[in-house]
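# A closer look at the structure
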Amino acid sequence: MLTLRKASDRGIARHGWLTSFHTFSFASYRDLNQQGFSDLLVINDDRVAAAKGFGQHPHRDMEIFSYVLEGALEHKDTLGTGSVIRPGDVQLMSAGSGVAHSEFNHSADEPVHFLQIWIVPNVSGATPRYQQEHFSREQKQGRLQLIISPDGADGSLQVRQDARVYAGLFDGEQSATLTLAPDRYAYVHVARGTVELNGVPLQEGDGVRVREEQVLALSNGQDAEVLVFDLRPQELPQMP
């Protein structure tokens with residue numbers, strides 16, 4: 001069963017320097033029917049103006065990853081980590097017992113467009129940690145590349161949850177399938193472009209809850225960039 005969440009139905013926050021689309025409930029946007037899916041709690045589609053960003057703020061007991069689509073995002077945290085994240089880079093911060101970080105547009109001239117995604121961990125109070133890896137276009141073109149997993153398989157970043165995240169680029173006749181284990185859920189998010197999921201056409205910003213399906217087929221993309229989440233079969237968590 002596929003349940004479509006259209007891009008136009010998402011929450012939106014406009015702060016001048018920031019435009020953020022919220023797939024699920026976040027900050028002042030609240031929808032009792034959109035409180036996350038399985039352990040996937042937040043997908044924020046953020047566009048930040050040049051030289052602007054989020055000042056230092058704390059997190060705890062959350063797996064937070066950033067996926068840059070355009071531009072460059074500068075990250076600093078209280079673990080002593082400092083990095084610039086560009087398209088192809090995936091950054092995962094496991095907040096654990098507590099960490100504070102800031103995120104700013106690294107450019108003085110160009111905006112940055114990125115996704116920030118939260119996954120609920122399966123352990124509380126763990127030691128905070130930071131990971132970053134680059135996945136090339138070649139690794140993702142016409143296929144689903146594993147970028148996040150519980151065990152760090154295939155060079156992926158290691159998340160503290162029974163969840164796997166795949167990224168793929170699809171254009172023209174390129175296609176890929178993902179076979180889910182029995183009783184697993186999945187969530188598909190179209191970061192940009194258009195694509196079909198099991199024959200259902202999707203636009204940029206659309207998301208799909210997947211239940212009771214074993215094969216996901218992506219095809220007929222037009223400059224499409226897609227994230228696929230393989231998740232535990234459980235229903236909505238509550239916002240912390």
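These numbers were taken from a predicted model, which means no experiment stands behind them. (Residues numbered from 1 in each chain as written. Predicted model: local features only at pLDDT ≥ 70, side-chain atom pairs only at ≥ 80, totals over all residues. Heavy atoms only, no water.)

Counting its secondary structure elements, the chain contains one helix and 20 strands. Taken over the C-alpha trace, the chain has a radius of gyration of 17 Å; the compact-globule value for 240 residues is 18 Å, and the two agree within 12%. In terms of overall dimensions, the chain has a C-alpha envelope of 45 × 40 × 35 Å along the principal axes. Taken over 240 residues, the chain has a buried fraction of 54%. Considering only residue pairs separated by 6 or more positions, the chain has 72% of its internal contacts joining residues 24 or more positions apart. Accessible surface computed for the chain: about 10,200 Å², of which carbon and sulfur atoms make up 47%. The distance from the centre of the 21 positive side-chain charges to the centre of the 31 negative ones in the chain is 5 Å. (Helix = DSSP H or I, 4+ residues; strand = E, 2+ residues; numbered from the N terminus. Rg over C-alpha atoms; globule rule 2.2 N^0.38 Å. Buried < 20%, exposed > 50% of the residue type's maximum accessible area, 1.4 Å probe, protein only. Contact = heavy atoms within 4.5 Å. Areas by Shrake-Rupley, 256 points an atom, 1.4 Å probe, with all protein chains shown as cover. Lys, Arg positive; Asp, Glu negative; His and termini not counted. Charge placed at Lys NZ, Arg CZ, Asp CG, Glu CD.)

Turning next to the UniProt feature "domain: Pirin N-terminal" (unreviewed entry) in the chain. With numbering aligned to this structure, UniProt lists the feature "domain: Pirin N-terminal" (unreviewed entry) at residues 10–119. Secondary structure across residues 10–119 divides into 0% helix and 57% strand, with the first and last C-alpha atoms of the span separated by 19 Å. (UniProt positions renumbered as here; feature names shortened; annotations may be inferred.)

A separate point is the sheet that holds strand β5 (residues 53–59). What holds strands together in a sheet is hydrogen bonding between their backbones, with the strands either parallel or antiparallel. Here we have four strands laid out as an open sheet, ordered β5-β10-β7-β8, and antiparallel in their pairing. Taken across any chain shown, the strands that pair with only one partner, and hence form the sheet edges, are β5 and β8 (82–85). With strand direction ignored, the average angle separating the axes of adjacent strands in the sheet is 20 degrees. With four bridges connecting them, strand β7 (residues 73–77) and β8 associate as antiparallel partners. Paired with lysine 76 across the two strands is glycine 82, which belongs to β8. (Pairing = 2+ DSSP bridges. Axes fitted to C-alpha atoms, helices over the stretch in contact; angles between N-to-C directions.)

With that settled, consider the sheet that holds strand β4 (residues 40–48). The seven strands lie next to each other as β2-β3-β4-β11-β6-β9-β12, forming an open sheet whose pairing is antiparallel. Edge positions in the sheet fall to β2 (11–14) and β12 (129–134), since each has one partner strand and no second. Each strand of the sheet is rotated relative to its neighbour by a mean of 15 degrees, with strand direction disregarded. Here six bridges tie strand β9 (residues 89–94) to β12, and the two strands are oriented antiparallel to one another. Residue pairing across strands places glutamine 91 opposite glutamine 132, the latter belonging to β12.

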